[in-house]
Amino acid sequence: MAASRVSVLTSPLLSDFRCNGRLRWMQCRRFGNERVCVDLCVCVCDGGDTAVTAVCLSTGSSCDTPRAQELQVSPVLSERLQVFESLIEKRGIKERVEASEKPLSIRLADGRTVKGKAGVTTPLFVAQSVRVKGALVSKVNGELWELGQPLEADCELQLLGFDTVEGKQAAWRTAACVLGGVLGVFDAEVCREGASEHGFYCDHLKDNSALSLSDVEDRCKEAGALKLPLSRLLLNVEEVRELFQSSNLRLQLVEEQMNGPTVAVYRCGDSIGVCTGPLLPHTGFLKAFKMLQLSPVTLANQTESSGLMRLFGVAFPGEKDKAEWEKEQEEARRRDHRRIGTDQELFFFNDVSPGSCFFLPKGAHIYNRLTDFIKSEYQRRGFTEVMTPTLYSTALWERSGHWEHYSENMFTVTSEGSQTYALKPMNCPAHCLMFEQRVRSWRELPLRWADFGALHRNELSGALGGLTRVRRFCQDDAHIFCTPEQLEEEIVACLDFVRNVYQVFGFSFHCLLSTRPTPCLGEPEQWDSAEQIDIQIRDAIGRQHQCATIQLDFQLPIRFDLQYVGRDGQLHRPVMIHRAVLGSLERMIAILAENFGGKWPLWLSPAQVTVIPVGGNNASYAKQVVRQFREAGFMADFSDDEGATLNKKIRSAQLAQYNYIFVVGDKESESGTVSVRSRRGKQLGRRPSEEVLKSLTQLRDTRSNVDEF
């Protein structure tokens, strides 16, 4: 390969630079310092050479600054760019042949129809022609589609902005591409990039020199302003190995990401990496960046540090979007369940059992009320509770198929005779064992078995976070064994169960349907008739959480050879439904704490009533009221801070989030009444304690979210 060379551009920005008479590709970067401002342009030539141009913006002539020399493309990157360009050239020839330019009709979400040409018209062109602002990605007949990807046939087109999950993900995937290129400027080797529901990240290797988050932000913003185009290709395993042959770790991580025969690879400037979904047309769609955190990454099945670091951030189409996000983050910090758990003495964590929660009495109260709620629904809906062991021989997991796919997520122990056992991460194999204990009849079906047994999953330490990701947890887990004819009725009943429970919490929700989990057990064809329904809820500040799930399972009944005797006297295979409403109780408590902001509804609250005596001579009556409410099952406390004023006691009770504050003085003691205040400070008047007890009992038992009575 020829050495990189410096050439001169007549224009300092995005010039029509041609090499060997043909425009191949070019990127410009602007760097500022006290002495000079330089544009660096890179062109991969037909012959494989790399031209690097440094142009001084103050003079328009080429310059030979140390900064420009540092940024010349390495031979490794030059070779990678050449491989990518050769692959995209092959794809380009094929696409030009297949482009038909036939007329097509495009129907928009508002009912308008736009004309176009197949293989030519793009969603971006449509968005511009109908003056839709803020579009970042699209859906064509329900399928995610890049704005710059030509349409192929008559279709229904949805244009999605940053206010949608799909738009936000497209923006953050693109931001990860930008960050990948920027990290190269800081001599970092990017090994993996991607986006999550909270932002984007790049995992990289770098020497011990410090990385300034503010410097990275500035460089990302500069790269965005250059409106660098993004090229995207689907590559097979052989092509991926050719492309990333110079980096074993990068290649390893890419192959781990591949769930099928191909993986999407992008090019943004002189950066090449992997993406998992649609990207934006160019980097100019991103106007604001914010780097949040730099932390070490622990790879799966690796005990020693790999030296890999993760840089995490967020990006936005405009400064207004960034300001709204910062406001949401401040509200989220105020509602953080970890802070609420500490302030209200609900739970804590300790390094002696990482990822396992210690629930204090008030936290256990919430935990038990949720469990009681679900158990009461079980009784109404024909579920029966079972109890199963926690530790099983690997023979069970091998039989169920989980050992092959999920063994790395299990905690294992070895007993005498070198027999290996594993703590259960799910209940379903044990329930299959229970089903097969004797011959079952069609008259017994459906069987609905619920299990609150403790589950353990070996989550990576870096993934643990409060109650939302733990290693020890319980689910409102249940499995339904039914006949194929009963299936529809059972699914409808499960959805009704979900609806009734979420209504109590005040959650809105929507259902997502998928037909094949990844990874899946068994043959793909058998999943074509299966369904999995994931239910996403929306909390008080608009965040979405996936909690409930309803999944049809044809595999475990086959693996355990489960059968029942039908009406015809023949053996038949049952259908199994996996079903959870709350999901993990630990995670649900975190979601509820943040949804209510620590202001628990009466039926869940660990601080329902506090009784404050006006003076010392009223203490005896106050304690009598406390006993009265405790005997009725309420979490009632006596305020015994004798040194505080009455107003301070009331304020302290409000800050402690007591639902109701009873103030008792001489008049209340003489009349058997209490002066009631709500948590919000509204005075509800002096009422007989028996009357108040009756009213609060009704609010609690009906699981009402109403404060006044």
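Here goes a summary of the coordinates provided.

Conventions used here
- Residues numbered from 1 in each chain as written.
- Predicted model: local features only at pLDDT ≥ 70, side-chain atom pairs only at ≥ 80, totals over all residues.
- Heavy atoms only, no water.
- Helix = DSSP H or I, 4+ residues; strand = E, 2+ residues; numbered from the N terminus.
- Buried < 20%, exposed > 50% of the residue type's maximum accessible area, 1.4 Å probe, protein only.
- Contact = heavy atoms within 4.5 Å.
- Salt bridge = Lys/Arg side-chain N within 4 Å of Asp/Glu carboxyl O.
- Pairing = 2+ DSSP bridges.
- Axes fitted to C-alpha atoms, helices over the stretch in contact; angles between N-to-C directions.
- Phe/Tyr/Trp six-rings, centres within 6.5 Å; stacked < 30°, edge-to-face > 60°.
- Lys NZ or Arg CZ within 6 Å of the ring centre and 35° of its normal.

This part covers the side chain of glutamate 594. Its location among the elements puts glutamate 594 in helix α16 (residues 585–596). When its relative accessible area of 11% is taken as the criterion, glutamate 594 is described as buried. Non-local contacts of glutamate 594, meaning those with residues more than four positions away in its chain, are made with Arg335, Asp336, His337 and Arg543.

Glancing now at the pattern of salt bridges. In total, this model carries 35 salt bridges according to the counting rule given. Put simply, glutamate 319 and lysine 221 hold a salt bridge, and the shortest N to O gap is 3.8 Å. Of this pair, glutamate 319 sits in helix α8 (residues 319–334) while lysine 221 sits in helix α5 (residues 213–225); the two residues are 98 residues apart in sequence, bridging distant segments of the chain. Judged by relative accessible area, which is 44%, glutamate 319 ranks as partly exposed. Residue arginine 339 pairs with aspartate 343 through a salt bridge whose shortest N-O separation is 2.8 Å. Placement of the pair is arginine 339 and aspartate 343 together in helix α9 (residues 337–343), with a separation of four residues, close to one helical turn. Accessibility expressed as a relative area gives 35% for arginine 339, which makes it partly exposed. The network of salt bridges with shared partners includes Glu377, Arg380, Arg381, Asp496 and Arg499.

This next bit is on the sheet that holds strand β33 (residues 609–613). One open sheet holds the five strands; their spatial order is β34-β33-β35-β36-β37, and the pairing between them is mixed. Strand pairing shows two members of the sheet lacking a second neighbour, β34 (636–638) and β37 (683–688), which therefore form its edges. In this sheet, neighbouring strand axes are inclined to one another by 25 degrees on average, regardless of whether the strands run parallel or antiparallel. Two strands pair when backbone bridges link them, and strand β36 (residues 673–678) and β37 are joined in this way by five bridges, in the antiparallel orientation. Directly across from arginine 677, in β37, lies its bridge partner glutamine 683. Along the sheet, helix α20 (residues 689–701) contacts β33, β35 (660–664), β36 and β37; its crossing angle with β37, the most-contacted strand, is approximately 120 degrees.

A separate point is the packing of aromatic side chains. Under the definition given, this model contains 24 aromatic pairs. Considering the side-chain rings of phenylalanine 347 and phenylalanine 359, the 6.2 Å spacing of their centres and the 65 degrees angle between planes classify their relative orientation as edge-to-face. Taken together, the residues span a long stretch of sequence, with phenylalanine 347 in strand β17 (residues 347–349) and phenylalanine 359 in strand β18 (residues 357–359) at a distance of twelve residues. The exposure class of phenylalanine 347 is buried, given its relative accessible area of 7%. Overall, phenylalanine 359 belongs to the partly exposed group, its relative accessible area being 24%. When the centroid spacing of 6.1 Å and the interplanar angle of 80 degrees are considered together, the rings of tyrosine 502 and phenylalanine 507 count as edge-to-face. Overall, the relative accessible area of 0% leaves tyrosine 502 in the buried class. With relative accessibility at 6%, the residue phenylalanine 507 sits in the buried group. Grouped by ring-pair contacts, the aromatic residues Phe373, Tyr502, Phe505, Phe507, Phe509 and Trp603 constitute a single cluster. A cation sits over an aromatic face here: arginine 440 above phenylalanine 435, 5.5 Å from the ring centre. Between arginine 703 and the ring centre of tryptophan 603, over which it is positioned, the NZ or CZ distance is 5.6 Å.

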